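Observations on the three-dimensional arrangement
Here are the chains, one letter per residue:
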Amino acid sequence: QVQLVESGGGLVQAGGSLSLSCAASGTIFSINTMAWYRQAPGKQRELVATITNGGSTNTADSVKGRFTISRDNAKNTVYLQMNTLKPEDTAVYFCKAAVRTTIFRSSSDYWGQGTQVTVSS
């Protein structure tokens, strides 16, 4: 019913920048909080940043000052601008959205398929 599709990953040198996007589509009445997570090999998935539908954001300490989350509510899309990338930022990045599919239902979490970000030293 709801699909999230990420794009924008790739290979970049340390100190470089990448921009990720995640577009939600399908049966959507409203989207509450949207978020980016990442999972490095052998590690647990960790929260990178969140943004409410009102635009309030929270960012993990590990990326604060380097990563910026934003969203376009009209396009049901969330973005992650990543600057001054470090090798330790290498991971698969996933987006998550809390979506209400109808006015009669509470929101449920939906995940994207992930996009690889690799930062070379």
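Keep in mind that what you see is a predicted model, and the values were worked out from it rather than measured. (Residues numbered from 1 in each chain as written. Predicted model: local features only at pLDDT ≥ 70, side-chain atom pairs only at ≥ 80, totals over all residues. Heavy atoms only, no water.)

**Points about the overall build of the protein chain**
To keep things clear, this is the line we draw: Secondary structure elements are defined from DSSP: runs of H or I of at least 4 residues count as helices, runs of E of at least 2 residues count as strands, and each element is numbered from the N terminus. Radius of gyration: C-alpha atoms only; globule rule: 2.2 Å multiplied by the number of residues to the exponent 0.38. Each residue is assigned to one of three classes by its accessible area relative to the maximum for its type, calculated with a 1.4 Å probe on protein chains only: buried under 20%, partly exposed between the two thresholds, exposed over 50%. Residues are treated as being in contact if the distance between any of their heavy atoms lies within 4.5 Å. Accessible surface is estimated by sampling points in the Shrake-Rupley manner with a 1.4 Å probe; for residues, cover comes only from the protein chains shown. When charges are counted, Lys and Arg contribute as positive and Asp and Glu as negative, whereas His and the chain ends are disregarded. Lysine's charge is taken at NZ, arginine's at CZ, aspartate's at CG and glutamate's at CD.
Across its full length, the protein chain carries zero helices and eleven strands. Of the regular secondary structure in the protein chain, the N- to C-terminal order runs β-β-β-β-β-β-β-β-β-β-β. Against the globule reference of 14 Å for 121 residues, the protein chain gives a C-alpha radius of gyration of 14 Å, in line with a compact fold. Overall size of the protein chain, expressed as C-alpha extent along the three principal axes, is 50 × 25 × 25 Å. Here the protein chain, with 121 residues, has 37% of them falling under the buried criterion. Across the protein chain, the fraction of contacts at a sequence separation of at least 24, relative to all contacts at a separation of at least 6, is 56%. Surface exposure of the protein chain reaches about 6,400 Å², of which carbon and sulfur atoms provide 48%. Of note, the protein chain has its 11 positive side-chain charges centred 5 Å away from the centre of its 7 negative side-chain charges.

**Thoughts on the pairing of strand β8 (residues 77–82)**
Operational definition: When DSSP finds two or more bridges between two strands, those strands count as paired.
Taken together, the six bridges between strand β3 (residues 18–26) and β8 define a ladder with antiparallel strand orientation. From the neighbouring strand, L18 faces β8, where its bridge partner is M82. Alignment of strand β7 (residues 67–72) against β8, held across six bridges, turns out to be antiparallel. Residue S70 lies in a different strand from β8, and its bridge partner there is Y79.

**Brief notes about the side chain of T115**
Our working rule: Here a polar contact is taken to be a pair of N or O atoms separated by no more than 3.5 Å, where protein atoms must pair a possible hydrogen donor with a possible acceptor and residues adjacent in sequence count only if both atoms sit in side chains.
Within the element layout of this structure, T115 appears in strand β11 (residues 115–120). Only 3.3 Å separates the side chain of T115 from the backbone nitrogen of G9, close enough to count as a polar contact. Discounting residues that sit within four places of it in the chain, T115 has contacts with E6, G9, L20, A91, V92 and Y93.

**What about the sheet that holds β3?**
What holds strands together in a sheet is hydrogen bonding between their backbones, with the strands either parallel or antiparallel. Keep this limit in mind: Between N-to-C directions, angles cover 0 to 180 degrees, with each direction set by a line fitted to C-alpha atoms, over the stretch in contact for helices.
The four strands lie next to each other as β1-β3-β8-β7, forming an open sheet whose pairing is antiparallel. Each edge of the open sheet carries a strand with a single partner, namely β1 (2–7) and β7. Strand-to-strand twist of the sheet, defined as the mean angle between neighbouring strand axes without regard to direction, takes the value 15°.

**What to know about the pattern of salt bridges**
Opposite charge on two side chains permits pairing when their charged atoms draw close. The cut-off we apply is this: Any Lys or Arg side-chain nitrogen found within 4 Å of a carboxyl oxygen on Asp or Glu counts as a salt bridge.
Within this structure, the stated rule accounts for five salt bridges. Here D89 ties to R38 by a salt bridge, and the two come within 2.9 Å at their closest N and O atoms. With D89 in the loop between β8 and β9 (91–100) and R38 in strand β4 (residues 30–39), this pair connects stretches of sequence that are 51 residues apart. By relative accessible area, which is 0% here, D89 ends up buried. Note on R38: relative accessible area 7%, which makes it buried. In this structure, K96 engages D109 in a salt bridge whose closest nitrogen and oxygen atoms are separated by 3.7 Å. With K96 in strand β9 and D109 in strand β10 (residues 108–111), this residue pair connects regions lying 13 residues apart in the sequence.

**Topic: a nonpolar patch on the surface**
The criterion, for reference: Residues enter a patch when their relative accessible area is above 30% and they make no salt bridge; the linking distance is 9 Å between like charges and 5 Å between nonpolar side chains (Val, Leu, Ile, Met, Phe, Trp, Tyr).
A cluster of nonpolar side chains, F29, I103 and F104, forms an exposed patch at the surface whose accessible area comes to about 390 Å². Residue position: F29 is located in the loop between β3 and β4.

**Quick notes on the side chain of T50**
By the element assignment, T50 lies in strand β5 (residues 46–51). If near-sequence neighbours (up to four positions away) are discounted, T50 is found in contact with T33, M34, A35, S56, T57, N58 and I69.

Keep in mind that these numbers describe shape and distance, not what the molecule does.
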